[in-house]
Amino acid sequence: MNKSDRIRVLCVDDHPLVRDGIAFALQAERDMELVGEATNGREAVAKFRQQRPDVTLMDLQMPQMNGIEAILAIRKEFPRARIVVLTTYSGDVQATRALEAGAVGYLLKSMLRTELIDTIRGVHAGQRRIPREIADEIAEHIGADALSARETEVLRVVAAGCSNKIVADKLAISEETVKGHIKSVLAKLCANDRTHAVMIAMKRGFLDA
């Protein structure tokens with residue numbers, strides 16, 4: 001196969017082991033080549049401009065600029081960019097945000113060994129690739145009320161083990177307002193208590209794990 005016919009792949013992840021694993025996997029494929037690596041969203045945008053890859057593998061949780069922001073930046077400049085999200089989390093919130101930002105594929109890192117190559121080929125051929133378990137999560141919560149930015153902020157401080165008073169002090173709001181936000185969060189997440197709400201929010205991707 002001519003080098004010009006290969007699928008050119010950019011890998012974006014802040015963990016060296018993940019990048020090394022992907023590089024090793026691609027070496028064995030005659031129809032693919034790794035043309036660049038990046039460790040954060042800012043590097044990803046710069047590398048994309050430089051390399052113009054066919055398929056980009058994009059982690060979500062990264063320093064400086066996260067994956068969602070990087071997808072938005074790349075797609076704004078290159079609307080036809082094909083980007084596959086790499087993530088540890090199967091929550092519907094992050095997946096929905098990534099797909100709305102313009103990702104055309106979603107791949108759990110636990111699936112890399114079995115699904116990586118097929119996903120790259122499929123996305124390069126114009127397909128959308130979303131694992132069944134993530135599609136099921138998205139479908140399960142369609143129409144559910146999303147947490148507001150303030151509710152997420154309150155829950156993030158609650159997740160650190162803070163009382164209502166400390167949450168109020170940290171966010172410069174009243175305790176009554178905090179209680180109101182927590183009541184709303186419990187209802188939206190169908191949670192039994194604060195701890196349950198934090199667990200659900202982390203699983204679904206409202207909070208970074």
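Remember, predicted model here, so these are calculated numbers, not experimental data.

**Q** Go over the packing of helix α2 (residues 41-51) against helix α3 (residues 67-77) with me, naming the residues and quoting the values.
**A** It is the contact of α2 with α3, at a shortest axis distance of 9 Å, that shows an interaxial angle of 25°. Considering their axes alone, α2 and α3 lie roughly parallel with respect to each other. The two elements α2 and α3 meet at a crossing, and its hand is right-handed. Note on element contacts: α3 touches α2 through Ala 70, Ala 73, Ile 74 and Glu 77, opposite Gly 41, Ala 44, Val 45, Phe 48 and Arg 49. Partitioning the contact of α2 with α3 into residue classes produces six nonpolar, one polar and two charged.

**Q** Please provide a residue-by-residue account of the packing of aromatic side chains, values included.
**A** Under the criterion given, the structure shown has one aromatic pair. Plain terms: the ring middles of Phe 48 and Phe 78 are 5.0 Å apart, the flat faces sit at 45° to each other, and that makes the pair tilted. Residue Phe 48 is located in helix α2, and its partner Phe 78 is located in the loop between α3 and β4 (83-87); the two are separated by 30 residues in the primary sequence.

**Q** Give me helix α7 (residues 149-159): which residues, what numbers.
**A** Those residues of α7 that sit buried are Glu 151, Thr 152, Val 154, Leu 155, Val 157 and Val 158. The inward-facing, buried residues of α7 abut α8 (164-171), α9 (175-189) and α10 (194-204). Positive backbone phi, approximately 90°, marks Gly 161, located one or two places after α7.

Cut-offs applied
- Residues numbered from 1 in each chain as written.
- Predicted model: local features only at pLDDT ≥ 70, side-chain atom pairs only at ≥ 80, totals over all residues.
- Heavy atoms only, no water.
- Axes fitted to C-alpha atoms, helices over the stretch in contact; angles between N-to-C directions.
- Helix = DSSP H or I, 4+ residues; strand = E, 2+ residues; numbered from the N terminus.
- Parallel < 35°, antiparallel > 145°, perpendicular 65-115°, else oblique.
- Left-handed = near helix turned anticlockwise from the far one by under 90°.
- Contact = heavy atoms within 4.5 Å.
- Nonpolar A, V, L, I, M, F, W, Y, C, P; charged D, E, K, R; others polar.
- Phe/Tyr/Trp six-rings, centres within 6.5 Å; stacked < 30°, edge-to-face > 60°.
- Buried < 20%, exposed > 50% of the residue type's maximum accessible area, 1.4 Å probe, protein only.

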